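Structure at a glance
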Amino acid sequence: MAANPGGFSVHRDAWGVPHVRAADELALARGQGYVTALDRGWQIEVDRWRAEGRLAERLGEPGLAWDRFAHRVRLADTARRAYAALADDDRAWVDAYTAGVNDGLERGRDVPEMHALADAAWPGGGDLPPHEPWPAWAPLGVFLVAHVLFSGFPHVLWRDHVARTLGAEVARSRPDVPLTTVLDLLAVDGGPGSGSNAWALAGARTRGGAPLLAGDPHRLLELPGVYQQVRLACDAYDVVGLAFPGVPGVPHFGHAGAAAWGVTNAMAHHVDVVAERLHRTADGGVVAEGPDGPEPADVVHATVRVRAVGGPVEHRVETIETVRGVVVTGGPDDPGRTFAVRLPARVDADLGVAAWRRLLRAGSARDVTDAFATWVDPVDRVLAADRATVLSVTAGRVPRRDPAEPALPLPGWADAGRARPWVVPPPPVVVDDVAVDANERPARPDLDLGRTYAPPHRARRIRALLAAAGDDATAADQSRVHADTLLGGADDLLGWLDRDAYASGDEAGADDGTTARPDPATVHAAARLRAWDRRMDADSADAALFAAWRGALVGRVAAHPALAPLHAPHGLDPVFAPWLSVTARVADALPALLGAAWLGIDGAALAWAALADVVRARDDASGPVPVWGDTHRVLGLHVLLDVPGAPVPRVPDVPLGGDTDTVRCTASVPGVSDVCVRGSVARWVWGLADRDASRWGVPFGASGDPRSPHFTDRLAAWADAETVPVVTDWALLRHEETR
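Keep in mind that this is a model prediction, so the values were computed, not measured.

1. A short note on the pattern of salt bridges
- Evaluation of the coordinates by the stated rule reveals 65 salt bridges.
- When salt bridges that share partners are traced, they join Glu45, Arg48, Glu52, Arg54, Glu57, Arg58, Arg109 and Glu132 into one network.

Pasting the structure below:
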């Protein structure tokens, strides 16, 4: 089938996945933008509004917190600067994509959500602003929206809160306990957006004799999905991969035939957080205390329009940028809680667009790693392969810092707050056997660019599964890894239910039950948990018992008097609230907290008391014995969920196996809800011996239109961790249109 000279054609597979074909790169970019607007018009418009800080114009009050943040962090201005700094050929590529988006939005905006906005179907209506064509820099803004909070800087704000509250209290009551001990106790960087798995098998380990790459990124399970399956083919290249809707190319996961790549989060501490001292001047300006004395800060006032009954309400937002970075919370009127962030993309006016485009032309693993040499943000571990070689490399810009430096805000008025040069990343290394990346601490010190990492359970489990498979791996076999539900960290908690606990305890116990000898029903429940196979399967009653106990235990620990200081108001911008949730943080750090006897926490007492709570609640309930899948269901985070009265698209109610730290990642927040809000937002397996043997899958479907049969048609398969073959034979695809 010949490509259309100067134009493009759109084809679909059985799942509605778009395959775009053109003669040249620019026509192909226009085709990708066009089909993205058709399939994900609502989604990319929302992200464009987020980039502009204009979400509240459409959604009303629920969009205000984001808009304030977007203006303060200067998202749109950063995207404009990066766009202006592009090389001519890269800018032409982005321009072609944007032109395609604007063509496609003529039809792509015809979705129920957009009609609901126009119809003002909930309180706080008013007229919806008319559609405006995308500005040239918008795709860069959409990329920033996806990553500006993906870095580690909100975790630094959490640590500062810990230091100011719990740390200060411990310093008074236990001066022998250093602050670093307090911070390390609560330093697990869970929270929104963290996590991913990726693994590589060298050719000697596969049936086809060529490498395999596989993995799954973990993010918030947004509806429509975070990633878009797509194929991009022109005379210069033919690539299948996972795109960010609204962003050209397939920068994170792609298979170009002769070469393929996939990434995980390197967990790098790559965004400096700087404490600022700001003062107003008589003429209305702002000065910052720098290491060399007072410095003028750049001040811009923005207006956020909030949709409301009777017409929009305007809010004034003061945005401030010092020499060190953009101020994201606080200001001259809040001297104790003012922080700026030094974003690599803003420092260099560079989002790594050259890498996005260059990856599409990769013909070897070395081409892939060379392209990632110009990568900026976020910092990723990259696995790249061709038919003979697997390479591993870390990519992105990280400021050089002393490993002993605590992960706390730097004082902007001291030398520690000065900008530092970027780390020169080490060269790629050849993988001769197996490589696994699961956000664990790297073994090589020169790749240890973070402060805290995910527990090693997932990485160990993946290695064990790959070792058990021997040297005959296939792409289809990797579903066994993707689907694994063994909870490697379960024993870190179950150890507190020792069978000999309370052998000499008080039979009556205290009023709250924390020192009572466990009753027979609780002892029996503990025995069940100790005998449990540690698998978080959807139909497992023992997994449900474990999850209920864990949730009750999180609640008891979060309410412990020793942690009361953490519940003090944090005083930070509301957009950071998810990272400042005490219950969520306790859930992340639960094993360490149970062992914090120096803090007055009796782990065994709390563990047995929480289990007694669960047993009593179950004794009082009626009905069949619950299983994990009864309460562990996916929500599908849609932006309209925050808008009271808005009609929200829903997903089928499917029971889920897996958990936060199983390979089959379906994360919830113990102590809050068993509902899954974060997990595997795609699964991919790239075979280098035969690309048509490769496999992929997404949580919901190819379309973002709730009326489409492809809106959630992949959900059941995703819940079972299944993938489908990648189809690249044009004769097996349905031609949809040519433009």
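2. Comments concerning the sheet that holds strand E20 (residues 429-430)
- A sheet is described by the order of its strands in space; here ten strands give the open sequence E20-E18-E17-E8-E7-E6-E5-E2-E1-E27, paired in mixed fashion. Taken across any chain shown, the strands that pair with only one partner, and hence form the sheet edges, are E20 and strand E27 (734-738).
- Sheet analysis places strand E1 (residues 8-12) next to E27, joined by four bridges and oriented antiparallel. Counted as the bridge partner of Ser9 is Thr738 from E27.
- Along the sheet, helix H1 (residues 25-52) makes contact with E1, strand E2 (18-22), strand E5 (228-233), strand E6 (238-243) and E27, crossing E2 at roughly 155 degrees.

3. As for the nonpolar core
- Among the nonpolar cores identified, the biggest contains 188 residues, and Trp66, Phe69, Phe153, Phe546, Trp549 and Phe576 are the most heavily contacted of them.
- If you tally residues by element for this core, the top one is H1, at twelve residues.
- Excluding residues that lie within four positions of it along the chain, Phe153 makes contacts with Phe69, Val148, Val271, Val273, Val328, Val341 and Phe576.
- Core analysis: the next-biggest nonpolar cluster, separate from the first, contains 15 residues, Trp199, Val436, Ala459 and Leu466 among them.

4. Brief notes about the confidence of the model for the protein chain
- Mean pLDDT for the protein chain: 92, with 94% of residues reaching 70 or above.
- Segment residues 503-513 is flagged for pLDDT under 50; beyond a separation of four residues in sequence, or across chains, it makes 13 contacts in the model.

5. Description of H1
- Look at H1: only 28 Å from first C-alpha to last across 28 residues, short of the 40 Å you get at 1.5 Å a residue.
- Helix geometry: H1 is bent most strongly at Arg40, by close to 100 degrees.
- The element H1 is largely enclosed, with a buried count of 26 among its 28 residues.
- At the N-terminal boundary of H1, the capping side chain belongs to Asp24, with an oxygen 3.0 Å from the backbone nitrogen of Leu26.
- Looking one or two residues beyond H1, the residue adopting positive phi is Gly53, at roughly 70 degrees.

6. Points about the packing of helix H16 (residues 520-531) against helix H20 (residues 603-620)
- Taken N-terminus to C-terminus, the directions of H16 and H20 make an angle of 105 degrees; their axes are 9 Å apart at the nearest point. The angle between H16 and H20 places the two elements in the roughly perpendicular class. Residue-level inspection shows Ala521, Thr522, Val523, Ala525, Ala526, Leu529 and Arg530 of H16 in contact with H20, the latter providing Trp608, Leu611, Ala612 and Val615.

7. Here's the deal with the sheet that holds strand E12 (residues 293-296)
- The strand order across the open sheet built from three strands is E10-E11-E12, with neighbouring strands paired in antiparallel fashion. Looking at which strands have only one partner, the edges of the open sheet turn out to be strand E10 (278-280) and E12. Here the average twist between neighbouring strands, direction ignored, is 35 degrees.
- Bridge count for E10 against strand E11 (residues 286-290) is three bridges, and the pairing is antiparallel. When the sheet's bridge partners are listed, Leu278 is paired in E11 with Ala288.

8. Re helix H3 (residues 64-72)
- Counting buried residues along H3, seven of its nine residues qualify, which places the element largely inside the surrounding structure.
- Considered for burial, the residues of H3 that qualify are Leu64, Trp66, Asp67, Phe69, Ala70, His71 and Arg72.
- Directly beyond the C-terminal end of H3, a positive phi value near 60 degrees is found at Arg74.

9. A word on the pairing of E2
- In terms of residue burial, E2 counts as a mostly covered element, since five of its five residues are buried.
- Where burial is concerned, the two faces of E2 agree: the one with Pro18, Val20 and Ala22 and the one with His19 and Arg21 are both buried.
- One ladder, built from five bridges, connects E1 with E2; its direction is antiparallel. Its bridge partner lying in E2, Ser9 is registered against Arg21.
- Strand direction decides the pairing type here: E2 and E5, joined by three bridges, are parallel. Bridge pairing in E5 links Arg21 to Ala233.

10. Re the packing of aromatic side chains
- In this structure the tally under the stated criterion is 15 aromatic pairs.
- A centroid spacing of 5.9 Å and a plane angle of 80 degrees characterise the contact between Phe69 and Phe576, whose relative ring orientation is edge-to-face. Here Phe69 is found in helix H3, whereas its partner Phe576 is found in the loop between helix H17 (541-558) and helix H18 (582-588), with 507 residues between them in sequence.
- Under the relative-accessibility criterion, Phe69 is labelled buried at 0%.

11. Some details on the environment of Arg324
- Here Arg324 shows up in the loop between strand E14 (313-321) and strand E15 (326-331).
- When the C-alpha atoms of Arg324 and Asp472 are compared, they prove to be 53 Å apart, with 148 residues separating the residues in sequence.
- Apart from the residues lying within four places of it in its own chain, the contact partners of Arg324 are Val274, Glu276, Ala288, Glu289, Gly290, Pro291, Glu295, Val341, Arg342, Gly412 and Gly417.
- A distance of 2.9 Å separates a polar atom in the side chain of Arg324 from a polar atom in the side chain of Glu295.

12. Re unusual backbone geometry
- The omega torsion across Leu223 and Pro224 is 0 degrees, close enough to zero to call that bond cis.
- Here Pro224 lies in the loop between strand E4 (212-220) and E5.
- Of note, the bond from Asp377 into Pro378 is cis; its omega dihedral lies within 30 degrees of zero at 0 degrees.
- With respect to the secondary-structure elements, Pro378 resides in the loop between helix H12 (365-372) and strand E17 (380-386).
- Although it is not a glycine, Ala349 adopts a positive phi angle of roughly 50 degrees.
- Structurally, the position occupied by Ala349 is in the loop between helix H10 (344-347) and helix H11 (353-359).
- The phi angle at Arg534 is positive, at roughly 70 degrees, despite the residue not being glycine.
- Secondary-structure assignment places Arg534 in the loop between H16 and H17.

Cut-offs applied
Residues numbered from 1 in each chain as written. Predicted model: local features only at pLDDT ≥ 70, side-chain atom pairs only at ≥ 80, totals over all residues. Heavy atoms only, no water. Salt bridge = Lys/Arg side-chain N within 4 Å of Asp/Glu carboxyl O. Pairing = 2+ DSSP bridges. Helix = DSSP H or I, 4+ residues; strand = E, 2+ residues; numbered from the N terminus. Contact = heavy atoms within 4.5 Å. Axes fitted to C-alpha atoms, helices over the stretch in contact; angles between N-to-C directions. Core = buried A, V, L, I, M, F, W, Y, C linked by side-chain atoms within 4.5 Å. Buried < 20%, exposed > 50% of the residue type's maximum accessible area, 1.4 Å probe, protein only. pLDDT = per-residue confidence, 0-100. Expected span 1.5 Å × (residues − 1). Bend = angle between axes of the 7 residues up to and from the residue. Polar contact = N/O pair within 3.5 Å; in protein donor to acceptor, adjacent residues only side chain to side chain. Parallel < 35°, antiparallel > 145°, perpendicular 65-115°, else oblique. Phe/Tyr/Trp six-rings, centres within 6.5 Å; stacked < 30°, edge-to-face > 60°.

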